[in-house]
Structure formats: C-alpha cells, structure tokens
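These are the residues of each chain, in order.
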Amino acid sequence: MAAIVSTNAPPCRMLLGGVWRESQATQFSEITNPATGEILARLPHSTREEVNAAVEAAAGAFRAWSATPPVERARVLFRYKMLLEEHLEELARQVTQENGKTLPDARGSVRRGIEVVEFACGIPTLMMGRTAENVGRDVDSSTVRQPLGVCVGIPPFNFPAMIPLWMFPLAIACGNTFVFKPSDKAPLTAMIQARLFQEAGLPAGVLNVVHGLKETVDALLTHRKVKAVSFVGSSAVAQYVYATAAAHGKRVQAMGGAKNHMVVMPDADMSAAVKGILSSSFGSAGQRCMAGSVLVTVGDAAEKLLPLLVEEAGKLRVAPGTEESADLGPVITRQARERILSYIEKGEKEGARLALDGRRKATPKEGNFLAPTIFDNVRPEMSIAREEIFGPVLAVMRAGSLDEALDRVNASSYGNGAVIFTRDGGWAREFSTRVQAGMVGVNVGVPAPTGIFPFAGWKGSFFGTLHANGQDAVEFFTETKVITSRWEKRPL
Ligand code: NAD
C-alpha cells in the first residue's frame, strides 16, 4: 500500500505502557471504508523506537502480571467479556465500516470472538498441570504451566474483531504480556477492543498496540525480548513470519491462506446444500479463510444442484454492509477488486465456462463491489482451481466418484477446510477420514470451529505445531515445567 504523508483523517494512536500516544512516524497509510471510499483514519508505520518502547513496556509488566493468581487474571477476563457484550453493536458497526462485511455477519464474528474470551475465563483450570506420586522411592513429579513472557499478535484484515480475540485474551489470561499490531487495512475495531480491556482493569503495559506493515512486523519478529508470535494472514507472509521469527528463537503459530473444497454427493439435500454453499462462497464477499471456493460435484449431483445454485447466487443482493438486507458487501480495497477481476479473466482464458458473471450485475457505483461469479467445467490445473482468489468467485469441478473427488481435494497445496454434503453416513465418514484438511464440515458450509476447539489448518494453510484457540493455544502460550521432589520421612 502506498505510503502517504498527510490527510485530514485522524491518526490511529498506539497504546504504550497504558497510555494512548500519537506516533512520531513519517510514513502513514490510509484506512478506507470499502463501501464508500471514505478515508477513515491514517495508520502510522510505528518506528523501531516505538516498537521497542512497546516491547519494553510489556517486558516491564510481565513480572507482576505473571505472578497475579490465575483466578484474579480470570476476573479481569470476566469483566472484559461483559464489556464486549455491552459494546457488541458498536464493535460490529466498526467491523462493517472498516471491513465491508454485512452487519449480521459482523455481529456473528464479534460473537465468535467473545466465545474465545469466555474460554479464556476458564484459565485457572485450563492451566492446571498433572502430578504423579512415587515416580521413584519417596519421589513425586508434577508439571506446571508457566507463561512465556512478551507475546506478539499480527492479524489479517478480514475479521477485525474475531481474530484479535484469538490472540491477546488467551495469551494474557495465561499470564503473558502482549504487543499487538492490528491489520494495516482494518485496525479500528481492535483499538476499541484494547480500550475495553483497559476499562476491564488490565494493568498498564500488559497489552500494548503498535501499527504498521513489514518494517514494524520485522522489528517485532527480531526483538530479543519477544518470546512468541501468533500470526494470521496470507500464506506467503505466514511462511515468512514463521521462518523469520523461528530463526530468531521465537515460538510461532502462523495461520495462512486457503482454497477450501466443498463436495456434493448425488444423494445430498440439494436445497440445504445450495444454502450452505451460498453462505460459504459468497458470505463476507468470499473473504473468509474458511470460504468454500471450489465445488466438486459427484455423479449426477451437478445436474440437480447447479441450476438452483446459479439462480440463487444471481439473486444475492450486493450492497453496503450497513443495509440490513445486503447479502454481501464490498471487497476490502480497489486493488483487491482488480486482483479478483484478473482471476475472472484468467478463468475465461483458461477455458472454464462462466455460469454466472458477477461483472455483469449492477452494483453500487462507489466502493469496491463485485457480485458473485461461478465458473463451471473447471479443470484442476487451472489457476482459478489452485490459487486463493479471496473474493466472491466459485470454481465448479465434476468428479465421477467420491474417490475422484477426494483426489481433487487432496491435490490442493492448502488444507484449511473441506466440506461434504450427503445423507450417507458411510460417505461422510470416508470423506472425514481421508480428506487432508484440518477442519471438516459434514452438511456444514463453513466448518469454522468455536473457540473451545483449535483452528486447525493443515499443509500450506498453517506453519507451526500448536494452533490458535482451544487447548492448543493454552499450550502455545505456556511453557511446561516438570518438578521432581524427594521428601524423606524423618522420625519425630
Ligand atoms: P496479509 O498477509 O496481507 O496481512 C496479514 C498481516 O501481516 C497484516 O497485519 C499485515 O499488516 C502484515 N503484513 C502484510 N505484509 C507483510 C509483510 N510483507 N511482512 C510482514 N508482515 C506483513 O493478509 P490479509 O490480506 O490481511 O488477510 C487475508 C489473508 O489472510 C488470506 O490469505 C486469508 O486466507 C488469510 N486468513 C487466514 C486465516 C487462518 O486462520 N488460516 C484466517 C483469516 C485470514
């Protein structure tokens, strides 16, 4: 994104040691409303000194916060959960304004984020260790889980409320302190969330916020006092973050991009499948890492499914997310829209058949709107079948059997989600067992797990070992210590 030097839009502030401050940066980018093009804010690219100040504030707060009993830390989390509930509508409106997704979708995403905070409220039990008595004569062993120190969070633009809540609440509940760098395209919701955490009683320095892009991220990944990095974004950047942070001795979980397949068997309930596919492929304008972007029909499923799917997709209302009747809003930037249009042109050139051409549907003049597009007769080698488009474009492939469909799905370099629509338990079981993806849906279009389970991408969709959320995340944000003690019995 081009750096700019001046506009009248307010600058995003940083949170350093409990105080909101303006950056001394000389480089800024624009935060725009994707539905209107209005400039909402200027995002400073925090300087290395500012990043250093944030990490030092977090490091300084660590000793007292990690020594705070987990039940007391949990009380802050309980208050935070209540404040997030009270501000749910404000947060959802901010998501819609800076990201473009529809209000119902935005509300749902805030709710899913709050579920992670609810999970984090259980930290006194979640962090419990294990004990074994008499591992040797008069010797006992036990494990305890201890926080790591300063952790870092770097989220993408597409869930401005939910993904930040995957990162800092649980890390902080575990006793860590945190430096958060919101998305460079949608940072405003996370700043409200940080303010609410302060209001909940979080001590100064436990959560800090800096802004920027690659240089800010690099300063965090290489900082001597940073212990762990939680990243969510595109696969190329995820791989870079993973390699760079690991080379500097950090623990890393890096969630990447996706190309999720949906398989429809001939026995499926077709009207339920259409509903699930529409929401998966075109909800959030296709900008979800769990969006279904390839549909594989098996046997004669295509004949029953496609006419209905194309008809219903053509009816979806493309409008600003603030209009309650909108089905999908704009994509995030003009550049993103151009990129998606270039994929549609590629699909045509590569010989796929346009069953629904989103370019032909009238959409609002202002903003980055694009209506749903469906390609039929897509072959596995085409770029629209292999690459992440991250927009409202669905590629349809045909397969003769479940085996062939599984081969198509498993050939993908990504492995985030995969879905099957069927009424047959045997087919569902076969699919769930053999599919190479970390999150599987059976008659569920978007099988994104709730916060009590890990968000478990595989292959090129994830770099690391322990995933975000659930018990995986508790392990990620803590270190295991084994204490072995001998106490011999003395006569009185
Ligand atoms: P992105 O990779 O462009 O940016 C993600 C974060 O990295 C942002 O905070 C950004 O400021 C920073 N960043 C960007 N370029 C960088 C660079 N060169 N070096 C260091 N940091 C950099 O991703 P995005 O466009 O914001 O989000 C969309 C992507 O995120 C899609 O690929 C989507 O599939 C993926 N995503 C994945 C998951 C998941 O859980 N697997 C969830 C949501 C989104």
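Everything in this summary refers to the structure shown in the same document. (Residues numbered from 1 in each chain as written. Predicted model: local features only at pLDDT ≥ 70, side-chain atom pairs only at ≥ 80, totals over all residues. Heavy atoms only, no water.)

Comments concerning the overall build of the protein chain
Put simply, the rule is: Going along the chain from the N terminus, every DSSP run of H or I of four or more residues is numbered as a helix, and every run of E of two or more is numbered as a strand. Radius of gyration here is computed from C-alpha atoms only, and the compact-globule reference equals 2.2 Å multiplied by the residue count raised to the power 0.38. Only protein chains enter the accessibility calculation, which uses a 1.4 Å probe; a residue is then buried when its area is under 20% of its type maximum, exposed when over 50%, and partly exposed in between. When checking whether two residues touch, look at their non-hydrogen atoms; a contact exists if any pair is within 4.5 Å. The method behind every accessible area is Shrake-Rupley, applied with a 1.4 Å probe, and residues are considered shielded solely by the protein chains displayed. Note that His is not counted, nor are the chain ends; the positive residues are Lys and Arg, and the negative ones are Asp and Glu. One atom stands in for each charge, and that atom is NZ of Lys, CZ of Arg, CG of Asp or CD of Glu.
Looking only at helices and strands, the protein chain features 16 helices and 22 strands. Computed over its C-alpha atoms, the radius of gyration of the protein chain comes to 24 Å, within 12% of the 23 Å expected for a compact globule of 492 residues. Over its C-alpha atoms, taken along the principal directions, the protein chain stretches across nearly 85 × 65 × 40 Å. The buried share among the 492 residues of the protein chain stands at 57%. The long-range fraction of contacts in the protein chain, counting pairs at least 24 apart against all pairs at least 6 apart in sequence, stands at 72%. Looking at the protein chain as shown, the accessible area adds up to about 20200 Å², and 52% of this sits on carbon and sulfur atoms. One way to put it: in the protein chain the 54 positive side-chain charges average out to a point 4 Å from where the 50 negative ones average out.

Looking at helix α8 (residues 214–221)
Note on helix geometry: an α-helix contains 3.6 residues per turn, so any two residues three or four positions apart are oriented the same way. Along α8, 6 of the 8 residues are buried, which leaves the element largely enclosed by surrounding structure. Within α8 the residues assigned to the buried category are Thr-216, Val-217, Asp-218, Ala-219, Leu-220 and Leu-221. Of the surrounding secondary structure, the elements contacted by the buried residues of α8 are α1 (48–67), β7 (150–154), β8 (177–180), β10 (226–232) and α9 (235–247).

So, the sheet that holds strand β18 (residues 417–421)
Filter applied, for reference: Two strands form a pair only when DSSP identifies at least two bridges running between them. Lines fitted to C-alpha atoms define the axes here, with helix axes fitted over just the stretch in contact, and angles between the N-to-C directions of these axes take values from 0 to 180 degrees.
Read across the open sheet, the 7 strands follow the order β14-β15-β16-β13-β12-β18-β19; overall the sheet is mixed. Two strands close off the open sheet at either side, each with one partner strand: β14 (353–356) and β19 (439–442). On average, each strand axis in the sheet is inclined to that of its neighbour by 25°, with strand direction left out of account. Two elements, strand β12 (residues 260–264) and β18, share 4 bridges in a ladder whose sense is parallel. Residue Val-264 lies in a different strand from β18, and its bridge partner there is Phe-421.

A word on the nonpolar core
Operational definition: By convention a nonpolar core is built from buried Ala, Val, Leu, Ile, Met, Phe, Trp, Tyr and Cys residues, the set being connected through side-chain atoms within 4.5 Å.
Tyr-80, Trp-166, Phe-168, Ile-172, Phe-178, Phe-197 and Leu-207 are the most contacted members of the largest nonpolar core, which totals 73 residues. Ranked by the residues each element gives to this core, the list is headed by helix α6 (residues 162–173), at 10 residues. Contacts of Leu-207, omitting those with residues within four sequence positions, involve Leu-15, Phe-168, Ile-172, Phe-178, Phe-180, Ala-194, Phe-197 and Leu-202.

Re a negative patch on the surface
Filter applied, for reference: Note that patches include only residues with greater than 30% relative accessible area and no salt bridge, and the join distances are 9 Å for like charges and 5 Å for nonpolar side chains (Val, Leu, Ile, Met, Phe, Trp, Tyr). Whenever Lys or Arg places a side-chain nitrogen within 4 Å of a carboxyl oxygen from Asp or Glu, that contact is recorded as a salt bridge.
Side chains of Glu-133, Asp-138, Asp-140 and Glu-488 sit close together on the surface and give a patch of like negative charge. Residue Glu-488 is classed as exposed on the basis of its relative accessible area of 57%.

What about the layout of surface pockets?
Using the following cut-off: With a 1 Å grid spanning the protein atoms alone, the term cavity applies to any set of points in which a 1.4 Å probe fits but cannot get out, the term pocket to an open set with protein on both sides within 12 Å along at least five of seven lines, and the term lining residue to any residue with an atom within 4 Å of a point. Grid points are joined across faces, edges and corners, and a volume is the space filled by probe spheres set on the points. Residue classes follow a fixed rule: Ala, Val, Leu, Ile, Met, Phe, Trp, Tyr, Cys and Pro count as nonpolar, while Asp, Glu, Lys and Arg count as charged, and any other residue, Gly among them, counts as polar.
Roughly 930 Å³ of internal volume is contained in the largest pocket. Every element with two or more residues in the lining of the largest pocket is listed here: α6, α8, β10, α9 and α12 (334–349). The element that contributes the greatest number of residues to the lining of the largest pocket is α9, accounting for 5 residues. Considered class by class, the residues forming the lining of the largest pocket number 21 nonpolar, 11 polar and 6 charged.

Examining the site of the ligand
Heads up, the condition is: In these notes, residues near a molecule or strand are those with any non-hydrogen atom within 4 Å of it. Any pair of nitrogen or oxygen atoms within 3.5 Å is treated as a polar contact; in protein, a donor-acceptor pairing is required on top of that, and neighbouring residues in sequence qualify only through side-chain atoms on both sides. Any molecule with more than half of its atoms within 2 Å of a cavity's or pocket's grid points is counted as sitting in it.
Contacts to the ligand come from 29 residues, most closely from Pro-155, Asp-184, Ser-234, Gly-256 and Glu-388. A distance of 3.1 Å separates an oxygen atom of the ligand from a polar atom in the backbone of Phe-157. Gly-233 is positioned such that a nitrogen or oxygen atom in its backbone is 3.3 Å from an oxygen atom of the ligand. Here the ligand, which alone exposes 840 Å², has 90% of that area covered by the protein. Assessed atom by atom at 2 Å from the grid points, the ligand resides in the largest pocket.

Things to note about the pairing of strand β3 (residues 28–32)
Of the strand pairs in this sheet, β3 and strand β4 (residues 39–44) are connected by 5 bridges, and their pairing is antiparallel. Bridging from a neighbouring strand, Ser-29 pairs with Leu-43 of β4. Between the end of β3 and the start of β4, which pair antiparallel, lie 6 residues, with Gly-37 showing a positive phi angle near 85°.

Brief notes about the sheet that holds strand β5 (residues 131–136)
The 3 strands lie next to each other as β5-β6-β22, forming an open sheet whose pairing is antiparallel. Of all strands in the sheet, those bounded by a partner on one side alone are β5 and β22 (478–486). Looking at each pair of strands side by side, their axes are set apart by 30° on average, direction ignored.

Here we look at the pattern of salt bridges
For side chains bearing opposite charge, pairing can occur when the charged atoms are close. Per the stated rule, a full pass over the model turns up 28 salt bridges. Where Glu-311 meets Lys-315, a salt bridge forms, and the shortest distance between an N and an O atom there is 3.6 Å. Within this pair, Glu-311 and its partner Lys-315 are both found in helix α11 (residues 301–315), separated by 4 residues, close to a single helical turn. What makes Lys-315 exposed here is its relative accessible area of 52%. The salt bridge partner of Arg-353 is Asp-376, with a shortest N-O separation of 3.3 Å. With Arg-353 in strand β14 and Asp-376 in strand β15 (residues 373–376), the pair connects residues that are 23 residues apart, well separated along the chain. For Asp-376, a relative accessible area of 2% corresponds to the buried category. Through salt bridges with shared partners, a single network forms among Lys-81, Glu-85, Arg-111 and Glu-118.

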